[in-house]
Amino acid sequence: MLDAVDAVLVRELQRDGRATFQALADRVGLSRTAVRARVQHLLETQVVRVVGIVHAAVVGAEAIGHVSVTVDGSAREVAAAVAERPAVCFTALTAGPYDLVAQVRTRDDAALAAEVDQIRSVPGVRAAEVFRSVSTVRDKHAVVRELGEVSLDDIDWRLLHELQRDGRAPYTRLAHVIGLSQAATRARVVRLMRTGVIQVTGLADPLALGAAELGGFGLVVTGGLRKVAEAVAAQDGVRYLATGFGRYDIVGQAEAASRAELVAVLDAIRSVPGATVRESWHHLDVVKESYAVELPEQPLNGSA
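Engineer: Mind showing me how you'd approach the overall build of the protein here?
Structural biologist: Scanning the protein from terminus to terminus reveals 11 helices and 10 strands. Expected size for 304 residues packed as a compact globule is a radius of gyration near 19 Å; at 20 Å, the protein falls within 12% of this value. Taken along its principal axes, the extent of the C-alpha atoms in the protein is 55 × 50 × 40 Å. Here the protein holds 304 residues, and the buried ones make up 48% of them. Accessible area for the protein stands at about 14400 Å²; split by element, carbon and sulfur atoms hold 50% of it. Averaging the locations of the 34 positively and 37 negatively charged side chains of the protein gives two centres separated by 4 Å.

Here is the structure:
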(Lines give C-alpha, C1' and ligand atoms only; values in the text may rest on other atoms or scores of the structure.)
Protein backbone atom coordinates (compact mmCIF):
# COMPACT_ATOMS: atom_id res chain seq x y z
CA MET A 1 0.00 0.00 0.00
CA LEU A 2 1.14 3.55 -0.71
CA ASP A 3 1.50 6.26 1.87
CA ALA A 4 -0.96 9.16 1.72
CA VAL A 5 1.30 11.43 -0.36
CA ASP A 6 2.08 8.80 -3.00
CA ALA A 7 -1.59 7.86 -3.21
CA VAL A 8 -2.49 11.48 -3.97
CA LEU A 9 0.30 11.70 -6.57
CA VAL A 10 -0.99 8.58 -8.33
CA ARG A 11 -4.55 9.95 -8.34
CA GLU A 12 -3.32 13.24 -9.79
CA LEU A 13 -1.38 11.42 -12.52
CA GLN A 14 -4.52 9.45 -13.35
CA ARG A 15 -6.36 12.74 -13.72
CA ASP A 16 -3.57 14.44 -15.72
CA GLY A 17 -0.60 12.32 -16.70
CA ARG A 18 1.36 15.38 -17.85
CA ALA A 19 0.84 17.43 -14.69
CA THR A 20 4.04 19.36 -13.95
CA PHE A 21 6.15 18.52 -10.91
CA GLN A 22 5.37 21.99 -9.57
CA ALA A 23 1.63 21.45 -9.91
CA LEU A 24 1.96 18.10 -8.13
CA ALA A 25 4.13 19.70 -5.43
CA ASP A 26 1.49 22.36 -4.84
CA ARG A 27 -1.15 19.64 -4.54
CA VAL A 28 0.67 17.62 -1.86
CA GLY A 29 2.53 20.42 -0.07
CA LEU A 30 6.07 19.16 -0.69
CA SER A 31 9.03 20.63 -2.57
CA ARG A 32 9.30 20.14 -6.32
CA THR A 33 12.51 18.13 -5.78
CA ALA A 34 10.83 15.78 -3.30
CA VAL A 35 7.85 15.26 -5.59
CA ARG A 36 10.09 14.58 -8.60
CA ALA A 37 11.89 11.86 -6.62
CA ARG A 38 8.61 10.31 -5.51
CA VAL A 39 7.10 10.31 -9.01
CA GLN A 40 10.24 8.82 -10.53
CA HIS A 41 10.16 6.05 -7.91
CA LEU A 42 6.50 5.35 -8.65
CA LEU A 43 7.29 5.10 -12.36
CA GLU A 44 10.45 2.99 -11.93
CA THR A 45 8.68 0.50 -9.68
CA GLN A 46 5.69 0.44 -12.09
CA VAL A 47 3.25 1.36 -9.38
CA VAL A 48 1.95 3.68 -12.09
CA ARG A 49 2.57 3.84 -15.85
CA VAL A 50 1.79 7.10 -17.62
CA VAL A 51 0.61 6.48 -21.17
CA GLY A 52 -1.24 8.26 -23.91
CA ILE A 53 -4.55 6.65 -24.88
CA VAL A 54 -5.61 7.57 -28.39
CA HIS A 55 -9.32 8.08 -29.05
CA ALA A 56 -10.73 5.01 -30.80
CA ALA A 57 -12.24 7.13 -33.59
CA VAL A 58 -8.81 8.45 -34.53
CA VAL A 59 -7.55 5.01 -35.52
CA GLY A 60 -10.88 3.54 -36.58
CA ALA A 61 -11.00 1.01 -33.72
CA GLU A 62 -14.60 1.65 -32.71
CA ALA A 63 -15.94 -1.92 -32.89
CA ILE A 64 -15.59 -3.23 -29.33
CA GLY A 65 -16.47 -6.75 -28.27
CA HIS A 66 -16.53 -8.21 -24.77
CA VAL A 67 -15.82 -11.91 -25.14
CA SER A 68 -16.68 -14.46 -22.43
CA VAL A 69 -14.79 -17.73 -22.88
CA THR A 70 -15.19 -21.24 -21.47
CA VAL A 71 -12.28 -23.63 -21.86
CA ASP A 72 -11.21 -27.26 -21.65
CA GLY A 73 -7.94 -27.71 -19.80
CA SER A 74 -5.76 -24.88 -18.55
CA ALA A 75 -7.56 -21.52 -18.49
CA ARG A 76 -4.24 -19.73 -17.88
CA GLU A 77 -2.69 -21.19 -21.04
CA VAL A 78 -5.73 -20.18 -23.07
CA ALA A 79 -5.73 -16.68 -21.53
CA ALA A 80 -2.05 -16.25 -22.39
CA ALA A 81 -2.70 -17.24 -26.00
CA VAL A 82 -5.71 -14.92 -26.27
CA ALA A 83 -3.70 -12.06 -24.76
CA GLU A 84 -1.12 -12.37 -27.55
CA ARG A 85 -3.69 -11.13 -30.07
CA PRO A 86 -2.91 -7.45 -30.84
CA ALA A 87 -6.61 -6.58 -31.00
CA VAL A 88 -7.16 -7.88 -27.46
CA CYS A 89 -6.65 -5.04 -24.97
CA PHE A 90 -7.84 -6.75 -21.79
CA THR A 91 -7.82 -10.36 -20.61
CA ALA A 92 -8.58 -11.75 -17.16
CA LEU A 93 -9.05 -15.16 -15.59
CA THR A 94 -12.40 -15.26 -13.84
CA ALA A 95 -14.49 -17.20 -11.36
CA GLY A 96 -18.14 -17.38 -12.26
CA PRO A 97 -20.07 -18.44 -15.36
CA TYR A 98 -16.95 -18.21 -17.59
CA ASP A 99 -13.29 -19.14 -17.29
CA LEU A 100 -11.91 -15.93 -18.76
CA VAL A 101 -13.04 -12.67 -20.30
CA ALA A 102 -11.42 -10.48 -22.95
CA GLN A 103 -12.06 -7.14 -24.59
CA VAL A 104 -11.40 -6.82 -28.32
CA ARG A 105 -11.13 -3.57 -30.30
CA THR A 106 -11.25 -3.61 -34.12
CA ARG A 107 -12.07 -1.26 -37.00
CA ASP A 108 -15.51 -2.70 -37.83
CA ASP A 109 -17.89 -5.59 -37.19
CA ALA A 110 -16.39 -7.75 -39.92
CA ALA A 111 -12.95 -7.44 -38.32
CA LEU A 112 -14.49 -8.08 -34.89
CA ALA A 113 -16.15 -11.27 -36.13
CA ALA A 114 -12.86 -12.43 -37.63
CA GLU A 115 -11.02 -11.71 -34.38
CA VAL A 116 -13.58 -13.66 -32.34
CA ASP A 117 -13.18 -16.56 -34.77
CA GLN A 118 -9.44 -16.44 -34.08
CA ILE A 119 -10.15 -16.63 -30.36
CA ARG A 120 -12.47 -19.59 -30.90
CA SER A 121 -9.66 -21.34 -32.80
CA VAL A 122 -7.24 -21.09 -29.85
CA PRO A 123 -6.55 -24.63 -28.55
CA GLY A 124 -8.59 -25.26 -25.42
CA VAL A 125 -11.38 -22.79 -26.18
CA ARG A 126 -14.72 -24.57 -25.92
CA ALA A 127 -16.98 -21.56 -26.55
CA ALA A 128 -16.79 -17.79 -26.87
CA GLU A 129 -19.82 -15.55 -26.37
CA VAL A 130 -19.73 -11.94 -27.56
CA PHE A 131 -21.32 -8.75 -26.26
CA ARG A 132 -21.07 -6.06 -28.94
CA SER A 133 -20.53 -2.70 -27.28
CA VAL A 134 -22.37 0.20 -28.91
CA SER A 135 -21.75 3.06 -26.49
CA THR A 136 -19.12 3.45 -23.79
CA VAL A 137 -20.71 5.34 -20.90
CA ARG A 138 -17.75 5.25 -18.51
CA ASP A 139 -14.13 4.27 -18.99
CA LYS A 140 -11.66 5.16 -16.27
CA HIS A 141 -8.75 4.86 -18.70
CA ALA A 142 -9.95 6.30 -21.99
CA VAL A 143 -11.57 9.26 -23.70
CA VAL A 144 -15.29 8.58 -24.02
CA ARG A 145 -16.57 11.91 -25.34
CA GLU A 146 -17.44 12.27 -29.01
CA LEU A 147 -14.52 13.34 -31.17
CA GLY A 148 -15.10 16.42 -33.31
CA GLU A 149 -13.55 17.32 -36.65
CA VAL A 150 -9.79 17.12 -36.12
CA SER A 151 -7.14 17.39 -38.82
CA LEU A 152 -3.88 15.54 -38.09
CA ASP A 153 -0.62 15.92 -39.99
CA ASP A 154 2.50 13.77 -39.96
CA ILE A 155 3.94 15.65 -36.98
CA ASP A 156 0.77 14.98 -34.95
CA TRP A 157 0.98 11.27 -35.73
CA ARG A 158 4.60 11.17 -34.57
CA LEU A 159 3.61 12.90 -31.34
CA LEU A 160 0.85 10.35 -30.79
CA HIS A 161 3.41 7.55 -31.28
CA GLU A 162 5.70 9.06 -28.65
CA LEU A 163 2.97 9.88 -26.13
CA GLN A 164 1.48 6.42 -26.45
CA ARG A 165 4.84 4.97 -25.46
CA ASP A 166 5.60 7.50 -22.71
CA GLY A 167 2.89 9.90 -21.64
CA ARG A 168 5.34 11.98 -19.60
CA ALA A 169 7.97 12.29 -22.32
CA PRO A 170 9.55 15.75 -21.76
CA TYR A 171 8.92 18.47 -24.29
CA THR A 172 12.67 18.67 -24.98
CA ARG A 173 12.66 15.08 -26.22
CA LEU A 174 9.40 15.43 -28.14
CA ALA A 175 10.68 18.61 -29.79
CA HIS A 176 13.84 16.78 -30.88
CA VAL A 177 11.79 13.91 -32.36
CA ILE A 178 9.46 16.11 -34.42
CA GLY A 179 11.93 18.88 -35.25
CA LEU A 180 10.01 21.82 -33.80
CA SER A 181 10.67 24.25 -30.97
CA GLN A 182 9.58 23.33 -27.45
CA ALA A 183 6.89 26.02 -27.54
CA ALA A 184 5.46 24.72 -30.81
CA THR A 185 5.64 21.14 -29.54
CA ARG A 186 3.86 22.05 -26.32
CA ALA A 187 1.11 23.81 -28.28
CA ARG A 188 0.54 20.72 -30.42
CA VAL A 189 0.42 18.36 -27.45
CA VAL A 190 -2.05 20.63 -25.64
CA ARG A 191 -4.25 20.76 -28.76
CA LEU A 192 -4.22 16.97 -29.10
CA MET A 193 -5.28 16.59 -25.47
CA ARG A 194 -7.88 19.36 -25.42
CA THR A 195 -9.60 18.08 -28.55
CA GLY A 196 -9.78 14.57 -27.08
CA VAL A 197 -7.50 12.98 -29.68
CA ILE A 198 -5.40 11.60 -26.84
CA GLN A 199 -5.76 11.33 -23.09
CA VAL A 200 -2.57 11.11 -21.05
CA THR A 201 -3.27 9.22 -17.85
CA GLY A 202 -1.67 7.07 -15.21
CA LEU A 203 -2.41 3.34 -15.23
CA ALA A 204 -1.97 2.35 -11.60
CA ASP A 205 -1.39 -1.01 -9.98
CA PRO A 206 -4.79 -1.61 -8.32
CA LEU A 207 -3.18 -3.30 -5.32
CA ALA A 208 -1.07 -0.21 -4.63
CA LEU A 209 -4.23 1.89 -4.40
CA GLY A 210 -6.06 -0.61 -2.26
CA ALA A 211 -8.33 -1.80 -5.09
CA ALA A 212 -7.49 -5.44 -4.54
CA GLU A 213 -10.72 -6.81 -5.98
CA LEU A 214 -11.97 -6.52 -9.54
CA GLY A 215 -15.17 -7.94 -10.94
CA GLY A 216 -17.44 -7.79 -13.94
CA PHE A 217 -21.20 -7.72 -14.36
CA GLY A 218 -23.82 -8.06 -17.05
CA LEU A 219 -27.13 -6.23 -16.64
CA VAL A 220 -30.52 -6.42 -18.25
CA VAL A 221 -32.57 -3.23 -18.22
CA THR A 222 -36.21 -2.28 -17.88
CA GLY A 223 -37.09 1.14 -19.23
CA GLY A 224 -34.74 3.69 -20.78
CA LEU A 225 -31.32 2.13 -21.34
CA ARG A 226 -29.24 5.32 -21.35
CA LYS A 227 -30.79 6.64 -18.13
CA VAL A 228 -30.15 3.37 -16.32
CA ALA A 229 -26.60 3.13 -17.71
CA GLU A 230 -25.70 6.62 -16.54
CA ALA A 231 -27.10 5.91 -13.08
CA VAL A 232 -25.06 2.70 -12.82
CA ALA A 233 -21.93 4.41 -14.13
CA ALA A 234 -22.25 7.04 -11.41
CA GLN A 235 -21.97 4.44 -8.64
CA ASP A 236 -18.75 4.39 -6.62
CA GLY A 237 -16.49 1.56 -7.70
CA VAL A 238 -17.71 1.30 -11.31
CA ARG A 239 -14.67 1.80 -13.54
CA TYR A 240 -16.06 0.74 -16.92
CA LEU A 241 -19.56 0.58 -18.38
CA ALA A 242 -20.86 0.02 -21.90
CA THR A 243 -24.26 -0.52 -23.50
CA GLY A 244 -24.78 -2.81 -26.46
CA PHE A 245 -26.27 -6.02 -27.79
CA GLY A 246 -25.96 -9.63 -26.77
CA ARG A 247 -26.74 -11.59 -23.64
CA TYR A 248 -26.96 -8.34 -21.68
CA ASP A 249 -27.97 -4.74 -22.21
CA ILE A 250 -25.01 -3.43 -20.19
CA VAL A 251 -21.55 -4.80 -19.39
CA GLY A 252 -19.36 -3.27 -16.72
CA GLN A 253 -16.37 -3.62 -14.45
CA ALA A 254 -16.17 -2.74 -10.76
CA GLU A 255 -13.25 -2.40 -8.36
CA ALA A 256 -13.04 -2.34 -4.58
CA ALA A 257 -10.58 -2.70 -1.70
CA SER A 258 -12.08 -5.98 -0.49
CA ARG A 259 -14.56 -8.64 -1.49
CA ALA A 260 -17.04 -7.25 1.00
CA GLU A 261 -16.77 -3.83 -0.66
CA LEU A 262 -17.08 -5.41 -4.11
CA VAL A 263 -20.32 -7.03 -2.96
CA ALA A 264 -21.45 -3.60 -1.75
CA VAL A 265 -20.74 -2.12 -5.20
CA LEU A 266 -22.86 -4.83 -6.84
CA ASP A 267 -25.63 -4.25 -4.29
CA ALA A 268 -25.57 -0.52 -5.11
CA ILE A 269 -25.93 -1.41 -8.79
CA ARG A 270 -28.88 -3.69 -7.97
CA SER A 271 -30.54 -0.76 -6.22
CA VAL A 272 -30.60 1.32 -9.43
CA PRO A 273 -34.20 1.37 -10.73
CA GLY A 274 -34.50 -0.62 -13.95
CA ALA A 275 -31.20 -2.51 -13.54
CA THR A 276 -31.04 -6.26 -12.90
CA VAL A 277 -27.74 -8.10 -12.45
CA ARG A 278 -28.09 -11.10 -14.72
CA GLU A 279 -24.55 -12.39 -14.13
CA SER A 280 -21.46 -11.32 -12.24
CA TRP A 281 -17.94 -12.69 -12.13
CA HIS A 282 -14.79 -12.25 -10.09
CA HIS A 283 -11.51 -11.35 -11.83
CA LEU A 284 -8.93 -13.71 -10.34
CA ASP A 285 -5.95 -12.44 -12.33
CA VAL A 286 -5.58 -9.74 -14.99
CA VAL A 287 -3.39 -11.28 -17.70
CA LYS A 288 -3.30 -8.26 -20.02
CA GLU A 289 -4.33 -4.63 -19.83
CA SER A 290 -3.00 -2.48 -22.66
CA TYR A 291 -4.48 0.57 -24.32
CA ALA A 292 -1.79 0.99 -26.98
CA VAL A 293 -3.07 0.83 -30.55
CA GLU A 294 -1.29 0.52 -33.85
CA LEU A 295 -0.94 3.97 -35.38
CA PRO A 296 -0.28 4.70 -39.06
CA GLU A 297 3.12 6.09 -39.95
CA GLN A 298 1.46 8.67 -42.20
CA PRO A 299 -1.85 10.51 -41.82
CA LEU A 300 -4.81 9.12 -43.72
CA ASN A 301 -5.91 11.79 -46.22
CA GLY A 302 -4.52 14.34 -43.79
CA SER A 303 -7.25 13.87 -41.18
CA ALA A 304 -8.60 11.56 -38.53
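This is not the end of the story, as more comes after the structure.
Engineer: I keep staring at the side chain of Thr94 and nothing clicks. Help me out?
Structural biologist: Looking at the element boundaries, Thr94 is found in strand 3 (residues 88-95). In contact with Thr94, not counting residues within four places along its chain, are Asp99, Leu100, Val101, Trp281, His282, His283 and Leu284.

Engineer: Mind showing me how you'd approach helix 2 (residues 21-28) here?
Structural biologist: Because the α-helix completes a turn every 3.6 residues, residues three or four places apart line up on one side. Burial in helix 2 covers these residues: Phe21, Leu24, Ala25 and Val28. Relative to the axis of helix 2, the buried residues are bounded by an arc of 100 degrees and lie together on one face. Turning to helix 2, the residues buried within the fold contact helix 1 (4-15) and helix 3 (32-44). A positive backbone phi angle near 75 degrees is found at Gly29, which sits one or two residues after helix 2.

Engineer: How should I be thinking about the sheet that holds strand 10 (residues 275-289) in this particular structure?
Structural biologist: The strands making up a sheet are joined through hydrogen bonds of the backbone, oriented either antiparallel or parallel. With antiparallel pairing, 8 strands are arranged side by side around a closed barrel as 2-4-3-10-7-9-8-5. On average, each strand axis in the sheet is inclined to that of its neighbour by 35 degrees, with strand direction left out of account. Sheet strands in contact with helix 5 (residues 75-83) are strand 2 (63-71), strand 3, strand 4 (100-106), strand 5 (125-139) and strand 10, and its direction is about 170 degrees off that of strand 3.

Cut-off values and rules
- Residues numbered from 1 in each chain as written.
- Predicted model: local features only at pLDDT ≥ 70, side-chain atom pairs only at ≥ 80, totals over all residues.
- Heavy atoms only, no water.
- Helix = DSSP H or I, 4+ residues; strand = E, 2+ residues; numbered from the N terminus.
- Rg over C-alpha atoms; globule rule 2.2 N^0.38 Å.
- Buried < 20%, exposed > 50% of the residue type's maximum accessible area, 1.4 Å probe, protein only.
- Areas by Shrake-Rupley, 256 points an atom, 1.4 Å probe, with all protein chains shown as cover.
- Lys, Arg positive; Asp, Glu negative; His and termini not counted.
- Charge placed at Lys NZ, Arg CZ, Asp CG, Glu CD.
- Contact = heavy atoms within 4.5 Å.
- Arc of directions from axis to C-beta.
- Pairing = 2+ DSSP bridges.
- Axes fitted to C-alpha atoms, helices over the stretch in contact; angles between N-to-C directions.

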